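Observations on the model geometry
Each chain, letter by letter, is given below.
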Amino acid sequence: MYTVKYISALNPQLYSRRPSTASHGILWARRVPVSRVGSSGSIKAVISSEDKAVESEKSTETNKEVDGPLLSAKSKGMIDVRAVITVRKKMKEKITEKIEDQWDYFINGFGGGIVIQLISEEIDLVTQSGKIVLSSVRGWLPKPSSSHVHIVEYAADFTVPIDFGNPGAVIVTNLHDKEFYVLEIVVHGFSEGPIFFPANTWIHSQKDNAESRIIFSNQAYLPSQTPPGIKDLRREDLLSVRGNGKGERKAHERVYDYAPYNDLGNPDKDDDLARPVIGGKECPYPRRCRTGRPPTKSDPLSESRIEKPHPVYVPRDETFEEIKQNTFSAGRLKALLHNLIPSIAATLSKSDIPFTCFSDIDMLYNKGVLLRLEDQNEVIRNTFPGSVLDKVLSIGERLLKYEVPAVIKRDRFAWLRDNEFARQTLAGVNPVNIEVLKEFPILSKLDPAVYGPPESALKKELIEEELHGMSVEKAIEENRLFILDYHDMLLPFIKKINALPDRKTYATRTVFFYNKAGMLRPIAIELSLPPTPSSTYNKHVYTHGHDATTHWIWKLAKAHVCSNDAGIHQLVNHWLRTHASMEPYIIATHRQLSQMHPIYKLLHPHMRYTLEINALARQSLINGGGIIEASFGPGKYAMELSSAAYKSMWRFDMEALPADLLRRGMAVADPSMPCGVRLVIEDYPYASDGLLIWSAIEEWVESYVNHFYSEPNSVTSDIELQAWWNEIKSKGHYDKRDEPWWPKLETKEDLSGILTTVIWIASGQHAAINFGQYPFGGYVPNRPTLLTKLIPQENEPDYGKFILDPQRTFLSSLPTQLQATKVMAVQDTLSTHSPDEEYLGNVNHLHSHWINDHEVMQLFQKFSARLEEIEEIINSRNKDIQLRNRSGAGIPPYELLLPSSGPGVTGRGIPNSISI
């Protein structure tokens, strides 16, 4: 057996990261300058076997200077250590991949596949660089893991001087032709016990990139605390992931950089698919991860697209793991099959099919087929190849049936009632837009020269008719009037949207009254269109009324409100405020915080899969002609609307839950209450449960920050942390970089507030507005994503048809069967938890050595225990008959902020990150 001693080169401030193999298994390191740092140096290793030294590299001049001391040391004062490398293999391998594995085992047997270097935290006093030893993985077969069938362990043996010190980094070089995934490396043999190096990373092949990979131990260090032996590696590793902003990114790379949303359109394919660049002065927006693809031929400002099934670049470690990929692919298959049958039906009938009766909708859940296949068998088989069709239909019959959504599972008629319409503003999938009505009359802030008089058509007299003797002033004083106001956000887009085929919408305002019985109910809806030359005041007001005609018109008005709400929910509250806003935080974290930085370790679980799911969304959800444009009211103007919302209302300091509740008037400041706020409506499930989750996150973050930042000025002197926050503002949210509301980062309190907000957005906030999409939106009449008709007026021809058959008018205004099933399939996929989901307060057992700090682990256990208590509190609330927004006859419990969940569409569970 060969043992490896170490030599630091004469003048290396850093280490060579490009080891190679020599003949007969002897390892050596070429003299290679380290790129991007500007200091050249080399490493030499001597291999000893039975105390007989063999030189691994001959260099006359260097040997004269260093061989003497090394050879005299021989094996005195040495210790044997072993590095165990845990590798995750693919769950499903092709025959060719299995053959390649056997070849890799053979190469590893000779020590020619994986090279490992241990870097000490201590420096050599002569060279002032970290001590280093080098070895290779050996053994013909890896050792299977006792805990997981797809995990194997490799080992590399070292003999190191007793004064080597603890290793603080491992450098891994992959000499195989393909990448492999390392979960962790554990070094055994040092007196302090096993030293863990959490990796969770793909190690690229040296043929793709000659640079080796640096993996640090699980000991957290602020920049100023970095042991001298690994200080340069800390800087080099950060530089390696930043890139230079040039060229197209390759799949194996780990480069994080910024770009605007200039890849949504496809003008080279179709002029109608051209889309403006989202991100910049005209359309401000957060930045995405740069891919560097060449520009389109038609528009040099737009980036060419990569269409499915080809993947969009994300840094290699951001891609889905195999279990997640299989779950997501199954969801896409389901979406394909859900849309296949309506597509055939549309082809056969030469047009898309509207719903003609409510039983058409019920069939989606009862039978799950929109077309009688046996009746159309001959026509279909003339269209599709027989073998393909047989496979599709055999799979389709199994997958085409939808689950009954929670909103109608207990009471199929609940959606019709006003109290359910109001309840969903507090306990539905979009409970973040309702606000207290603070001023009357209601005034628009839009330019009256363009959009007409600012006064709302919701007059005092009309409102007071619904207040049972209470004045508007008194109702406002007692916080009893609430509003869902989409007027100013949507009115600038209404004319363009209504010019699209089969799109008709209004800018809506809905006023609610909170009565003394503690129930919220809608009392008036205003539907506005832009002014026209013939009418500068184009606003209509509707109330619930009592006669049949007024009742049906009220239903249509509520449907338009729900359609507005669905679009704003998806494009603003869901996509913009969680997915898009989170992406710059993730990019900056990788670019500016070392893997050994305590804040990196804190944030790491909250970044999982987000860049990948966002890239997939740009590819097929929010792109020109994608599912969002096809299925939601704003159509091709969807992302422009999202940008307008970012410009007018997005503020980082208002994304904190207590601040958002105060801004909307849904809470008032109260220092005696948890989180310092008291809810105006106590039975506000999203807010009351959300504050529990927020306070748990806040307590965990504050204790974590206090643990690491105990010294005065430790926050301001942390150069990585300051660079991270500055980059989030100046690059990630470039279009908002000069806003005065950005929080300062000077104290521990500042840092805790920022981190609590980021973690809340990634976990609780996203869970609350994502995983209810199918439970609430899966029944189209409850939450139509678009409408195709305006409400018929008495002087219009369609009014007569409405009077004769109001149900047909209502149903024909909804999305067609193809549009409905398309969005239902997407909502089903987006509401699904993957089997490998990682939930708030839990740590994957494969990542249990994420930090070497007993006190931090105790703090985390306290956080986990608190979340378990919160789950019990929420369950008890859902059984409290006094809380009628979450319990009662036919009322589904509010479970979206229950921390735990199993896989599938569960309507509960808070993942650590935005992973779907």
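Residues numbered from 1 in each chain as written. Predicted model: local features only at pLDDT ≥ 70, side-chain atom pairs only at ≥ 80, totals over all residues. Heavy atoms only, no water.

- Labelled according to an unreviewed UniProt entry, the chain appears under the name Lipoxygenase, originating from Erythroxylum novogranatense.
- The record held by UniProt for the chain lists under Cofactor (unreviewed entry) the comment "Fe cation". (UniProt positions renumbered as here; feature names shortened; annotations may be inferred.)

1. Quick word on the overall build of the chain
- Across its full length, the chain holds 27 helices and 25 strands.
- Across the 916 residues that make up the chain, the buried fraction comes to 59%.
- Residue pairs in contact within the chain that sit at least 24 positions apart in sequence constitute 74% of those at least 6 positions apart.
- Looking at the chain as shown, the accessible area adds up to about 37,800 Å², and 53% of this sits on carbon and sulfur atoms. (Helix = DSSP H or I, 4+ residues; strand = E, 2+ residues; numbered from the N terminus. Buried < 20%, exposed > 50% of the residue type's maximum accessible area, 1.4 Å probe, protein only. Contact = heavy atoms within 4.5 Å. Areas by Shrake-Rupley, 256 points an atom, 1.4 Å probe, with all protein chains shown as cover.)

2. What to know about unusual backbone geometry
- With an omega of 10°, the peptide bond running from Lys-308 to Pro-309 counts as cis.
- One can find Pro-309 in the loop between β16 (288-289) and α4 (322-349).
- Look at the link from Phe-440 to Pro-441: it is a cis peptide, with omega at 5°.
- By the element assignment, Pro-441 lies in the loop between β17 (435-436) and α10 (448-451).
- Positive phi, close to 70°, is recorded for Cys-675, a residue that is not glycine.
- Relative to the helices and strands, Cys-675 is located in the loop between β22 (667-669) and β23 (677-679).
- A relative accessible area of 24% means that Cys-675 is categorised as partly exposed.
- At Asn-713, a residue that is not glycine, the phi angle is positive and equals roughly 65°.
- Here Asn-713 is to be found in the loop between α20 (685-708) and α21 (719-732).

3. A short note on the pairing of strand β14 (residues 213-216)
- Residue alternation in β14 divides its side chains into two sets, Arg-213 and Ile-215 and Ile-214 and Phe-216, and both sets are buried.
- In terms of strand pairing, strand β11 (residues 167-174) meets β14 through four bridges, oriented antiparallel. Residue pairing in the sheet places Val-172 in a bridge with Arg-213 of β14. (Pairing = 2+ DSSP bridges.)

4. Notes on the packing of aromatic side chains
- Counted under the stated rule, the structure contains 32 aromatic pairs.
- Pairing Trp-694 with Trp-760 gives two aromatic rings, centres 6.2 Å apart and planes at 75°, and the pair type is edge-to-face. Taken together, the residues Trp-694 in helix α20 and Trp-760 in helix α22 (residues 748-770) connect sequence positions 66 residues apart. Here the two residues Trp-694 and Trp-760 agree in accessibility, since each one is buried.
- Taken together, Tyr-261, Tyr-285, Trp-575, Tyr-585, Tyr-646, Trp-650, Phe-652, Trp-724, Trp-725, Trp-741 and Trp-742 form an aromatic cluster joined through their ring pairs.
- Sitting over the face of the ring of Trp-552, Lys-555 holds its NZ or CZ atom 4.9 Å from the ring centroid. (Phe/Tyr/Trp six-rings, centres within 6.5 Å; stacked < 30°, edge-to-face > 60°. Lys NZ or Arg CZ within 6 Å of the ring centre and 35° of its normal.)

5. Brief notes about the sheet that holds strand β19 (residues 507-514)
- The five strands lie next to each other as β17-β18-β19-β20-β21, forming an open sheet whose pairing is antiparallel. The open sheet is flanked by β17 and β21 (539-542), the only strands paired with a single partner.
- Note: strand β20 (residues 520-528) against β21, four bridges, orientation antiparallel. Note that in β21 the partner of Ile-525 across the bridge is Tyr-542.
- The sheet strands contacting helix α9 (residues 418-427) are β18 (481-485), β19 and β20, and the helix crosses β20 at an angle near 85°.
- Against the sheet, helix α14 (residues 548-592) touches β18, β19, β20 and β21, its axis set at about 80° to β20. (Axes fitted to C-alpha atoms, helices over the stretch in contact; angles between N-to-C directions.)

6. Some words on α9
- Summarising burial for α9: eight of the 10 residues are buried, a large majority.
- Where α9 is concerned, the buried positions are Glu-420, Phe-421, Ala-422, Arg-423, Gln-424, Thr-425, Leu-426 and Ala-427.

7. Details of the sheet that holds β14
- Spatially, β8-β7-β11-β14 is the arrangement adopted by the four strands of the open sheet, whose pairing is antiparallel. Strand pairing shows two members of the sheet lacking a second neighbour, β8 (130-136) and β14, which therefore form its edges. Sheet twist, expressed as the mean angle between neighbouring strand axes with direction ignored, is 25°.
- Seen against the sheet, helix α3 (residues 231-242) touches β7 (114-123), β11 and β14 and runs at an angle of roughly 125° to β14.

8. Concerning the confidence of the model for the chain
- Per-residue confidence for the chain gives a mean pLDDT of 85, with 83% of residues at or over 70.
- Within the model, the stretch residues 336-351 combines pLDDT values under 50 with 35 contacts to residues more than four positions away or in other chains.
- In the model, residues 369-399 has pLDDT below 50 throughout and makes 38 contacts with residues more than four positions away in sequence or in other chains. (pLDDT = per-residue confidence, 0-100.)

9. Notes on the nonpolar core
- With 175 residues, the main nonpolar core has Phe-482, Tyr-686, Trp-700 and Trp-724 as its most contacted residues.
- Excluding anything up to four places from it in sequence, Trp-700 contacts Leu-602, Trp-850, Val-856, Leu-859, Phe-860 and Phe-863.
- The next biggest cluster of nonpolar side chains, apart from the first, holds 28 residues, and it includes Ile-116, Leu-118, Ala-156 and Ile-185. (Core = buried A, V, L, I, M, F, W, Y, C linked by side-chain atoms within 4.5 Å.)

10. Some remarks on the environment of Ser-913
- Examined against the element boundaries, Ser-913 turns out to sit in the segment after β25 (904-905).
- You can call Ser-913 buried: its relative accessible area is 3%.
- For the pair formed by Ser-913 and Leu-603, sequence separation is 310 residues and the distance between their alpha carbons is 9.6 Å.
- Ignoring any residue separated from it by four or fewer positions in sequence, one finds Ser-913 in contact with Pro-605, His-606, Met-607, Arg-608, Thr-610 and Ala-762.
- A polar contact is formed between the side chain of Ser-913 and the backbone oxygen of Arg-608, at a distance of 2.8 Å. (Polar contact = N/O pair within 3.5 Å; in protein donor to acceptor, adjacent residues only side chain to side chain.)

11. Here's the deal with the side chain of Glu-318
- Along the polypeptide, Glu-318 turns up in the loop between β16 and α4.
- As a buried residue without a salt bridge, Glu-318 has its nearest oppositely charged side chain in Arg-254, at a separation of 7.9 Å.
- A polar side-chain atom of Glu-318 sits 2.5 Å from a polar atom in the side chain of Tyr-256.
- A polar contact of 3.1 Å, which involves the side chain of Glu-318, links it to the side chain of His-590.
- For Glu-318, the contacting residues outside a window of four places in its chain are Tyr-256, His-590, Met-607, Tyr-609, Leu-611 and Glu-612. (Lys, Arg positive; Asp, Glu negative; His and termini not counted. Salt bridge = Lys/Arg side-chain N within 4 Å of Asp/Glu carboxyl O.)

12. With respect to helix α26 (residues 817-830)
- Spanning 14 residues, α26 covers 20 Å between terminal C-alpha atoms, matching the ideal 20 Å at 1.5 Å per step.
- The element α26 is largely enclosed, with a buried count of 13 among its 14 residues. (Expected span 1.5 Å × (residues − 1).)

13. Examining the environment of Pro-354
- Along the polypeptide, Pro-354 turns up in the loop between α4 and α5 (358-366).
- With 460 residues separating them in the primary sequence, Pro-354 and Leu-814 have C-alpha atoms 7.7 Å apart.
- Contacts of Pro-354, omitting those with residues within four sequence positions, involve Asp-360, Thr-816 and Gln-817.

14. Quick word on the side chain of Arg-293
- Within the fold, Arg-293 resides in the loop between β16 and α4.
- Engagement of the side chain of Arg-293 in a polar contact is seen with the side chain of Glu-303, the distance being 3.3 Å.
- In contact with Arg-293, other than residues within four places in its own chain, are Glu-248, Asp-263, Glu-303, Ser-304, Arg-305, Ile-306 and Val-312.

15. Some details on the pairing of β7
- Along β7, nine of the 10 residues are buried, which leaves the element largely enclosed by surrounding structure.
- One ladder, built from seven bridges, connects β7 with β11; its direction is antiparallel. In the sheet register, Ser-120 faces β11, and the bridge partner there is Pro-167.
- Inspection of the sheet shows β7 paired to β8 by six bridges, in the antiparallel sense. Its bridge partner lying in β8, Val-115 is registered against Ser-136.
- Taking the residues between adjacent antiparallel strands as the criterion, β7 and β8 are bridged by six residues, where Gln-128 takes a positive phi near 60°.

16. Quick look at the environment of Glu-872
- Its place among the elements puts Glu-872 in helix α27 (residues 854-877).
- Between the C-alpha atom of Glu-872 and that of Leu-898, which follows or precedes it by 26 residues, the distance is 8.9 Å.

17. Remarks on the packing of α14 against helix α24 (residues 797-804)
- Running from N to C, α14 and α24 point in directions that differ by 110°, and their axes come no closer than 11 Å. Judged by the inter-axis angle, α14 sits roughly perpendicular to α24. α24 is crossed by α14, and the crossing has right-handed handedness. Contact residues: α14 offers Thr-549, Trp-552, Ile-553 and Leu-556, while α24 offers Tyr-799, Phe-802 and Ile-803.
- Residue composition of the contact of α14 with α24, by class: six nonpolar, one polar and no charged. (Parallel < 35°, antiparallel > 145°, perpendicular 65-115°, else oblique. Left-handed = near helix turned anticlockwise from the far one by under 90°. Nonpolar A, V, L, I, M, F, W, Y, C, P; charged D, E, K, R; others polar.)

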